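Chains, contacts and geometry: an overview
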Amino acid sequence: MSNKPHGYDKVVYLLQGGGALGTYQVGACEALLEYGCTPDWLVGTSIGAINAAIIAGNTPENRIKKLEEFWSMIASPWPAVELVEKNYMAEQLQKSWNVLWTLWVGQTGFFKPRLFNPWIGLSSFPDQLSFYDTSELRYTLEKLVDFDLINKKEVRLTLAAVCVEDGELVYFDNMTQEIGPEHVMASGALPPGFPAIRIAGKNYWDGGLSSNTPLTAIIKENMQEKLLCILMHLFSYHERTPANLLEILKLRKDIEFSSRYHQILTYICKVQHLHNLLHHLVDEVPDIRKIEGVDEIIKFSHPIIMNIVRFHYRDYPGNLWTKDFDFSRQTLMEHYQSGYQDVKQALKNPEWLYQIPEHGIELHEF
């Protein structure tokens, strides 16, 4: 039975990049899918693009199973050592070993170290210059994702990437082009770890280099629709002063990949509010169009009604600055459970699913 929020024209999942933190999205998405809040549109970048493609490229009954299959496949094989009591020092040592394993060996079905170090300079092509080879990811995606289903356009899929040649943020969208494994891989091609992906004569890198929260993919659409946008924010920002170099590295990464989220979203909300007021003013005072320049202003502005609901992964002291490439099963499960429980808790009082703004954009934080 579907519990799709009544009154909205579309439900959008907006999935950030964040490497191993992507299992937070999996837990959150699974809770939403179980509830029946299914997406009409998925917008993703980096690991969010992979999760989005798996959801869009499977029928509703297979989505959760395929998500779990992907993350189980790429998880590190080392079992966790159960600690008798909570000890952050011991936990960080264990996480350090997990990260070293990833750096040395890679992740099955995802990426593996190149035989020759790229510093040797055996190649001068961006799609071959990287520390790791991601060709295994193509086979994994072909196994888990039905790209024919994606290209039937039953669910919209938008993937963010950066064009290497001009540095521009681009969106691959199944509404305007055929999507294949290479488009998903391009969205997650973070240099210098991963190589650029070449598509139609151009090279593409991870969309998170430009914007790890590709909200503009939604805002730029001139749609007269009511949208519910569910965003899963993966990089926490804690109001505390780092006490050592490792904490500085972690905080720096959190700031970088948060993409100035709060400032940008606040600005967007204010601008959209003005757009809506302008169109309302034109409806109420038709003669206002006689003023020079008003028609041009209206042409380049469009009202939008959107409820943005953000679920925020909360960092904890045991995490290292390398948390985005700690693929140990225990750590992935911790992220998954956090996302699942956050959404389950929010759904105990699901009024936020049905609160449609009268105009502009409203933000609900969890």
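Details of the structure are given in the entry above.
Now for a description of the structure that goes with this document.

Reading the values: rules and limits
Residues numbered from 1 in each chain as written. Predicted model: local features only at pLDDT ≥ 70, side-chain atom pairs only at ≥ 80, totals over all residues. Heavy atoms only, no water. Core = buried A, V, L, I, M, F, W, Y, C linked by side-chain atoms within 4.5 Å. Buried < 20%, exposed > 50% of the residue type's maximum accessible area, 1.4 Å probe, protein only. Contact = heavy atoms within 4.5 Å. Axes fitted to C-alpha atoms, helices over the stretch in contact; angles between N-to-C directions. Helix = DSSP H or I, 4+ residues; strand = E, 2+ residues; numbered from the N terminus. Left-handed = near helix turned anticlockwise from the far one by under 90°. Nonpolar A, V, L, I, M, F, W, Y, C, P; charged D, E, K, R; others polar. Parallel < 35°, antiparallel > 145°, perpendicular 65-115°, else oblique. Arc of directions from axis to C-beta. Salt bridge = Lys/Arg side-chain N within 4 Å of Asp/Glu carboxyl O. Phe/Tyr/Trp six-rings, centres within 6.5 Å; stacked < 30°, edge-to-face > 60°. Lys NZ or Arg CZ within 6 Å of the ring centre and 35° of its normal. Pairing = 2+ DSSP bridges.

1. A word on the nonpolar core
- Core analysis: the largest hydrophobic core is formed by 72 residues, its most contacted members being Tyr 13, Ile 50, Phe 70, Phe 110, Leu 157 and Ile 230.
- Those residues in contact with Ile 230 that sit more than four places away from it in its chain are Val 11, Val 12, Tyr 13, Leu 14, Leu 32, Cys 37, Val 309 and Phe 311.
- Formed by 20 residues, the second largest nonpolar core is a distinct cluster that contains Leu 215, Cys 229, Leu 231 and Ile 308.

2. Some details on the packing of helix 1 (residues 22-35) against helix 12 (residues 329-347)
- Running from N to C, helix 1 and helix 12 point in directions that differ by 35°, and their axes come no closer than 6 Å. With respect to the hand of their crossing, helix 1 and helix 12 are arranged in right-handed fashion. Between helix 1, through Thr 23, Tyr 24, Val 26, Gly 27, Ala 28, Glu 30, Ala 31, Leu 32, Glu 34 and Tyr 35, and helix 12, the contact on the second element is made entirely by Leu 332, His 335, Tyr 336, Ser 338, Gly 339, Tyr 340, Asp 342, Val 343, Lys 344 and Leu 347.
- Taken together, the residues that form the contact of helix 1 with helix 12 break down as eleven nonpolar, five polar and four charged.

3. A word on the environment of Ile 219
- Here Ile 219 is to be found in helix 8 (residues 216-219).
- Using a relative accessible area of 11% as the deciding quantity, one classes Ile 219 as buried.
- Along the sequence, Ile 219 and Met 306 sit 87 residues apart, while their C-alpha atoms lie 9.5 Å from each other.

4. Side note on the packing of helix 3 (residues 63-74) against helix 5 (residues 135-144)
- The interhelical angle for the contact between helix 3 and helix 5, taken along N-to-C directions, is 155°, at an axis separation of 11 Å. Judged by the angle between their axes, helix 3 and helix 5 are roughly antiparallel. When you trace helix 3 past helix 5, the crossing you get is right-handed. On helix 5, the residues touching Lys 66, Glu 69, Phe 70 and Met 73 of helix 3 are Leu 137, Thr 140, Lys 143 and Leu 144.
- Here the contact of helix 3 with helix 5 is composed, by residue class, of four nonpolar, one polar and three charged.

5. Concerning helix 5
- Turning to helix 5, its buried residues number three or more, namely Leu 137, Thr 140, Leu 141 and Leu 144. Seen end-on, helix 5 carries its buried residues on one side only, within an arc spanning 100°. Exposed residues pointing more than 90 degrees away from the buried face of helix 5 are listed as Tyr 139 and Lys 143.
- Packed against the buried residues of helix 5 are helix 2 (47-56), helix 3, helix 6 (147-150) and helix 7 (181-187).

6. Structural notes on the pattern of salt bridges
- The tally for this structure, following the rule as stated, stands at twelve salt bridges.
- Residue Lys 10 is joined to Glu 225 by a salt bridge in which the shortest nitrogen-to-oxygen separation is 2.8 Å. Taken as a pair, Lys 10 in strand 1 (residues 10-15) and Glu 225 in the loop between helix 8 and strand 9 (226-233) lie far apart in primary sequence, 215 residues in all.
- Judged by its relative accessible area of 21%, Lys 10 falls in the partly exposed class.

7. Observations regarding the packing of aromatic side chains
- Counting across every chain of the model gives 14 aromatic pairs.
- Ring geometry for Phe 110 against Phe 327: centres 6.2 Å apart, planes inclined by 85°, an arrangement best described as edge-to-face. On the criterion of sequence distance, the pair formed by Phe 110 in the loop between helix 4 (88-105) and strand 3 (112-113) and Phe 327 in the loop between strand 10 (305-312) and helix 12 is long-range, its members being 217 residues apart. Phe 327 matches Phe 110 in its accessibility class, with the two residues each being buried.
- Both rings, one in Phe 111 and one in Phe 327, keep their centres 6.3 Å apart while their planes meet at 65°; by these two values the pair is edge-to-face. Of the two residues, Phe 111 sits in the loop between helix 4 and strand 3 while Phe 327 sits in the loop between strand 10 and helix 12, which places them 216 residues apart along the sequence.
- Among the aromatic side chains, those forming a connected cluster through ring pairs are Phe 70, Trp 71, Phe 110, Phe 111, Tyr 132, Phe 194 and Phe 327.
- Arg 156 extends its terminal NZ or CZ atom over the ring of Trp 41, reaching a point 4.1 Å from the ring centre.

8. Here we look at the pairing of strand 6 (residues 169-173)
- With five bridges connecting them, strand 5 (residues 156-163) and strand 6 associate as antiparallel partners. Of the residues in strand 6, the one forming a bridge with Thr 158 is Asp 173.

9. As for the environment of His 335
- With respect to the element layout, His 335 can be found in helix 12.
- As a C-alpha pair, His 335 and Gly 27 span 308 residues in sequence and 7.7 Å in three-dimensional space.
- Setting aside residues up to four positions removed in sequence, His 335 forms contacts with Ala 20, Leu 21, Thr 23, Tyr 24, Tyr 313 and Asn 319.

10. Points about helix 2
- Of all ten residues making up helix 2, ten are buried, and the element is well covered by its neighbours.
- Inspection of helix 2 places Ile 47, Gly 48, Ala 49, Ile 50, Asn 51, Ala 52, Ala 53, Ile 54, Ile 55 and Ala 56 among the buried residues, and these make up the whole buried set.

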